[in-house]
Structure formats: structure tokens, C-alpha cells
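Chain and residue survey
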Amino acid sequence: MSDLAQTDRLFFDMTGMDRGRVERLVGEALQAADDGELFLEYCQSESLAFDDGRLKSAAFDTTQGFGLRAIAGEATGYAHASELSEDAIRRAGATVQAVRTGYRGTMDVGPVGTNRSLYTDANPLPGVPFETKLKLLAEIDAYARAKDPRVRQVMASLSGEWRALEILRADGSRVGDIRPLVRLNVTVMVADGDRMETGSSGTGGRTDYTQYFAPERWQGEVDEALRQALVNLGSVPAPAGEMTVVLGPGWPGVLLHEAIGHGLEGDFNRKKTSAFAGLMGQRVAAPGVTVVDDGTMPDRRGSITVDDEGTPSSRTVLIEDGILVGYLQDRLNARLMGMKPTGNGRRQSFGHAPMPRMTNTVMLSGQHSPDEILRSVKKGLYAVNFGGGQVDITSGKFVFSASEAYLVEDGKIGPAVKGATLRCRSASASRPCCSTA
């Protein structure tokens, strides 16, 4: 069954709404507007948390609702409700029409559809019995404790969701998407005398649970969490001062996501609140640096077949060889900036209007190998994993805490350090200045 056939069943067959009448209500609500849509959403989610040898919490939730949006110029009228009925949509239509009082626009052309599908439409939640999920978490706990006598506490969690959405436009065009998402997280705490340290690892994606129940998969996450904890157990205090920082592959990409990615989202640049505003075509990074946002990677957590406005996801080059060449756009900001939507219109839920936000944002490999990069460092820090952090996109300054990091001297990796916090004190996007504190 196609995604659209499944979403039709959820939003019309099961609710009693007539699709033809709903389409007419949408057309009336958006008459003379520049853009807009009806966004229908249904979501099932669950989470299980295992801590200290027992099930600590278990939750299951179902939410549904719609959001109706009308756009007139820069103004947006938005109404939403958790009631899926024609009466509720009619009331919402009367509300959003207020945004176009005295305004007469021309409805923008809708997104061009695609038959591409990047992930399964199967619901992961009922596919595995509750008892089997609980058994997996208990096995994770037992396996971690058997690996090393210094293990004091094990926290494991399993979560999943199945989200179905359908988007209806004023011209009668429709698009549906069904998005599964699962996640497995493991945290291990170890102790040696009075000292205690932790390590964490996790995996997930837009798949079902099956692959995460394979022993080699979940044991790999436990092994990695334990490795990090033991590394930190032997770490020394991080030195303070300005130094070169080398980021490892994988999770350190969160720094790229926060410090660079959000600053390249269209709304911040249209409003000129980003450090990258007005820099299109200019050098913002070192030669060889290419950053892309790719929502088309199969089964990845950040991937989407279509965004929450119905625009197919894409691979958008943001920085090419150090030159700023693109922004991430939803339909509203793309129209106001004279650019094309990039398939990055994202919503928190049906209760929120879309805005341009990232999918999978990565820096492509350059001409230098990891070993070559490390050998070039006289004195610095090799950051392998990160914890929390914060960014001011207006200035480009950021602060991030490294959960696993090593000193680098004369091109060689030295001892692990604890308490390393990276702080960028430069407002220049092309020459960031990092220090540890």
C-alpha cells in the first residue's frame, strides 16, 4: 500500500471526514493567499528505560491533529487542533482567513512530486513484543556488568515512533509520508576508588527494531559506551589556553550542526540575524571545506522523503571549497528571498508552522587524511565525542563540552583529558579561534 493510500485511510476512512469536502474547505480558507496548506498528522510513540537492573519507566503515546496555514506576503495565519473533523477544519479556516484581510495574492505553484521512498512505511512499535524489548534491555545490563568489574551502573533505553502525515494544498494536490524512527541508547558508569566516570553510545534510524536486537549490534554499543567510560577513568585535567582543535568523525559533527548549520537556515539569513547573512558568494571557510545538507540518505535519522510542506528532500550544497553557495529553505523564506525551496521545511508537530531546518548536515572529506591532519598539529586537542553546548548564531561564537578528548603534541595523540570545553572567541566564520577552559 502506498504512503498516500495509508494516510488517506488514517485521516479520512477512520475519521469519517470526506476528502472532497475537506479539499473545498482548504481551497476556501486559502483563497487569495500566497501560499498555505492543511497538514494532517498521526503519531504513535513509545519509550522504555532500564536503569540499575530494573525497568525504570515505560510509556506509550498517541497524538493526532492538523495545522492549517495561510500566507499573505510575510504574514502567516496558523490554526491547529487535535480534533480531526470537518467542523474543526472549518473553524480553523475562518481563523486563518484573517491574515489576508484586504490582501489579494496569487497562490504559489505547489511542490513537484516524486515517487521516491527513502525508508520503510512499516510501524516498528507492534513488530516486537513488549517482553522481548524488556529482555533486550536486561541483556544489555547483564552484558555490560560482566565485561568489567568496575561497572557500577548501566542505563539503557529503547524508543520508537511511527509518524504519518498528509499535506493538502488549495489546488487539490496531496502528498503523504510515513516516517518510522527507532533509537537505542546505552550509558555505562564505572568507578575506581572514589573516581566515577561515564560513557555513552547510541544508534538508530528510520527502520524497524529488528537489526538492533542482533547481539553484534547492541553489544557494539555497550562496548563503545564502556570504552569511553574507561578512557575517561584514566583521563587527566584539560589544560587551559588557545590551541588547535581537531575533530574526530561522527558525533563531533554536532558542532558543525549547531555552529554552522543553524546559521545557514533561510529564516535567520532573511532576517539578517545570522553571522552568514549577506555573505553569499564570499569565503566563509578554508579552501577545501565543503558542507552539504542531505535529506536523501536512505534510512538515516535526519532523512525525509518529503518535508513538512510536501517538497521532496534534496542534497543542498551550502559551502563549496570554502565559499558560501546556498541556504536551507522552506517555501516562505525561499519565496521572499527569491530562491528555490530545498526541502527543509520542518515542523515540531501539527501545532507548529514549518520553518527551514536541517536534515543530515555533514562536511565532506577533504584532500588530507586523518593521520596527516593530526601530524600537522604541534600542540592541540583531538576531540572525539561531545556532550552539550550552545551557539550564538548572530556572532558565530560557541561553547561545547568534549566528553572524550586527547592531547596532541608533535603530531601524536597523548593522554585523554577531562573537562575540555571548546570556546570560539572569534566572530569570523573563516578563521575561528578555539580555546579550552
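This paragraph deals with helix α1 (residues 3-13). Those residues of α1 not exposed but buried are Asp 3, Gln 6, Thr 7, Asp 8, Leu 10, Phe 11 and Phe 12. Along its buried surface, α1 packs onto α2 (19-29), β1 (35-51), β4 (151-168) and β5 (174-192).

Our focus in this paragraph is the sheet that holds β4. Strands sit in the order β3-β2-β1-β4-β5-β6 across an open sheet of six strands; the sheet is antiparallel. Two strands lie at the open edges of the sheet, namely β3 (75-81) and β6 (195-205), each paired on one side alone. Ignoring which end each strand starts from, the neighbouring axes of this sheet average 20° apart. Strands β1, β4 and β5 of the sheet are contacted by α1, whose axis makes an angle of about 85° with β4. The sheet strands contacting helix α4 (residues 130-147) are β1, β2 (54-72), β4 and β5, and the helix crosses β4 at an angle near 145°.

Caution applies to low-pLDDT regions: their predicted coordinates should not be interpreted in detail. Taken as a whole, the protein chain shows an average pLDDT of 94; of its residues, 97% reach a score of 70 or greater. Across residues 427-437, confidence stays below pLDDT 50; counting only partners more than four residues off in sequence or on other chains, it has 34 contacts.

What follows concerns the side chain of Gln 329. Mapped onto the elements of the fold, Gln 329 is located in the loop between β12 (323-324) and α8 (331-336). Of the residues examined, Gln 329 reaches a relative accessible area of 0% and is grouped as buried. For Gln 329, the side chain forms a polar contact with the main-chain nitrogen of Ala 334, separated by 3.5 Å.

Let us look at the sheet that holds strand β11 (residues 315-320). With antiparallel pairing, the four strands of this open sheet are ordered in space as β12-β11-β10-β15. The sheet terminates laterally at β12 and β15 (361-363), the two strands that pair on one side only. Looking at chain direction, β11 and β12 are connected through two bridges and run antiparallel. The residue bridging Glu 320 from the neighbouring strand is Ile 323, located in β12.

Calculation notes
Residues numbered from 1 in each chain as written. Predicted model: local features only at pLDDT ≥ 70, side-chain atom pairs only at ≥ 80, totals over all residues. Heavy atoms only, no water. Buried < 20%, exposed > 50% of the residue type's maximum accessible area, 1.4 Å probe, protein only. Helix = DSSP H or I, 4+ residues; strand = E, 2+ residues; numbered from the N terminus. Contact = heavy atoms within 4.5 Å. Pairing = 2+ DSSP bridges. Axes fitted to C-alpha atoms, helices over the stretch in contact; angles between N-to-C directions. pLDDT = per-residue confidence, 0-100. Polar contact = N/O pair within 3.5 Å; in protein donor to acceptor, adjacent residues only side chain to side chain.

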